[in-house]
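A closer look at the structure
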Amino acid sequence: MKNPTWKIACVAAALAASLLPATAQTTDNTTSSAPTSKTINQRKENQQDRLGQGIQSGQLTAGEASKLETKESDLNKEERLMRSEDNGKLTSTDKKALTQQQNQLSNQIYKDKHNANVQNTDPSSKVGEHAENQQDRIAQGVKSGQLTAGETARLEGKESNLNREVTADRKANGGHLTQAEKAEVNRQQNKLSGQIYKDKHNSFRQKP
């Protein structure tokens, strides 16, 4: 005859497991089933949507977005290489490796969107308004697929560098930009604006 205490303990353990929140049982955007080419593609599209939302909301700074999209671009290149070596298909080992890296990237997206660093979405200067408008345009391009991960990484890298330049100029001038600095920043913003347009209207697309 089985020990009734043992039976009660098993039931209690099962009940406790069923009450755990979903986030404690699974990692964000992960799946316990075997990965397929379809689920890998769905994950890529989903993560681009999350990145686009983070850029638009200001939860992701230009620097954070650039780093994340660089990782996404590298992962896309790795997938293309894997497919080229196996007649356009992914092996089970390939799928597991890609899924592991997608999980790591997914976690990094979550961390970056929920840390203390934010992009200003309510600027009070013309320079800030221009920067915010360009972030919105980049976010729309990410979500629509008009911008590839590589293009987004490069654009956000330039945006991040410009933000650092503006911050340094303000620091050197008591929190303000001189007329000459405003003119220079405006010139660089216009140049970046033109690049955003070109990248969104070329033949390259982010493929799910």
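Residues numbered from 1 in each chain as written. Predicted model: local features only at pLDDT ≥ 70, side-chain atom pairs only at ≥ 80, totals over all residues. Heavy atoms only, no water.

Section: the nonpolar core
Note the threshold: By convention a nonpolar core is built from buried Ala, Val, Leu, Ile, Met, Phe, Trp, Tyr and Cys residues, the set being connected through side-chain atoms within 4.5 Å. Categorising residues by exposure relies on relative accessible area from a 1.4 Å probe, with only protein chains included: less than 20% of the type maximum marks a residue as buried, more than 50% marks it as exposed, and the intermediate range marks it as partly exposed. The way it works is that DSSP assigns letters per residue, a run of H or I at least four long becomes a helix, a run of E at least two long becomes a strand, and they are numbered from the N terminus. Whether two residues are in contact is decided by their heavy atoms: any pair within 4.5 Å suffices.
The biggest cluster of nonpolar side chains holds nine residues, and these are Ile55, Ala65, Ile138, Ala139, Val142, Leu147, Leu155, Leu192 and Ile196. Among the elements of the structure, helix 6 (126–144) and helix 8 (179–200) are those that each provide at least two residues to this core. A total of three residues in this core trace back to one element, the largest contributor, which is helix 6. Apart from residues lying up to four places away in sequence, Ala65 is in contact with Ile55 and Glu156.

Considering the confidence of the model for the protein chain
The following threshold applies: pLDDT measures how confident the predictor is about each residue, on a scale from 0 to 100.
Confidence along the protein chain averages 88 in pLDDT terms, with 85% of residues attaining 70 or more. Averaged pLDDT values over the elements of the protein chain bottom out at 37 in helix 2 (residues 22–25) and peak at 98 in helix 8. Low confidence marks residues 6–31, where pLDDT is under 50. Its contacts with residues over four positions away, or in another chain, come to 13 contacts.

Details of the packing of helix 3 (residues 37–57) against helix 4 (residues 62–84)
For clarity, the threshold we go by: Structural elements are reduced to axes, namely lines fitted to C-alpha atoms, with helices fitted over the stretch in contact, and the angle between N-to-C directions of any two is expressed from 0 to 180 degrees. We call two directions roughly parallel when the angle between them is under 35 degrees, roughly antiparallel when it is over 145, roughly perpendicular when it lies between 65 and 115, and oblique otherwise. By convention, the crossing between two helices is left-handed when the near helix turns anticlockwise from the far helix through less than a right angle, and right-handed when the turn is clockwise. Three classes are used: nonpolar for Ala, Val, Leu, Ile, Met, Phe, Trp, Tyr, Cys and Pro, charged for Asp, Glu, Lys and Arg, and polar for all others, with Gly counted as polar.
Orientation of helix 3 relative to helix 4, taken along the N-to-C sense of each, is 165°, at an axis distance of 11 Å. Relative to helix 4, the element helix 3 is oriented roughly antiparallel. Handedness of the crossing formed by helix 3 with helix 4: left-handed. Each of Ser37, Ile40, Asn41, Lys44, Gln47, Gln48, Leu51 and Ile55 in helix 3 lies in contact with helix 4, whose residues at this interface are Ala65, Leu68, Glu69, Glu72, Asn76, Glu79 and Arg83. Looking at the contact of helix 3 with helix 4 residue by residue, the classes come out as five nonpolar, five polar and five charged.

So, the pattern of salt bridges
Keep this limit in mind: By definition, a salt bridge exists where a carboxyl oxygen of Asp or Glu is found within 4 Å of a side-chain nitrogen of Lys or Arg.
A full pass over the atoms with the stated rule returns three salt bridges. Residue Arg187 pairs with Glu184 through a salt bridge whose shortest N-O separation is 2.8 Å. Here the residue Arg187 and the residue Glu184 both occupy positions in helix 8, the gap between them amounting to three residues, near one helical turn. Residue class for Glu184 comes out partly exposed when judged on its relative accessible area of 30%. Linked by salt bridges that have partners in common, Lys44, Glu79 and Arg83 make up one network.

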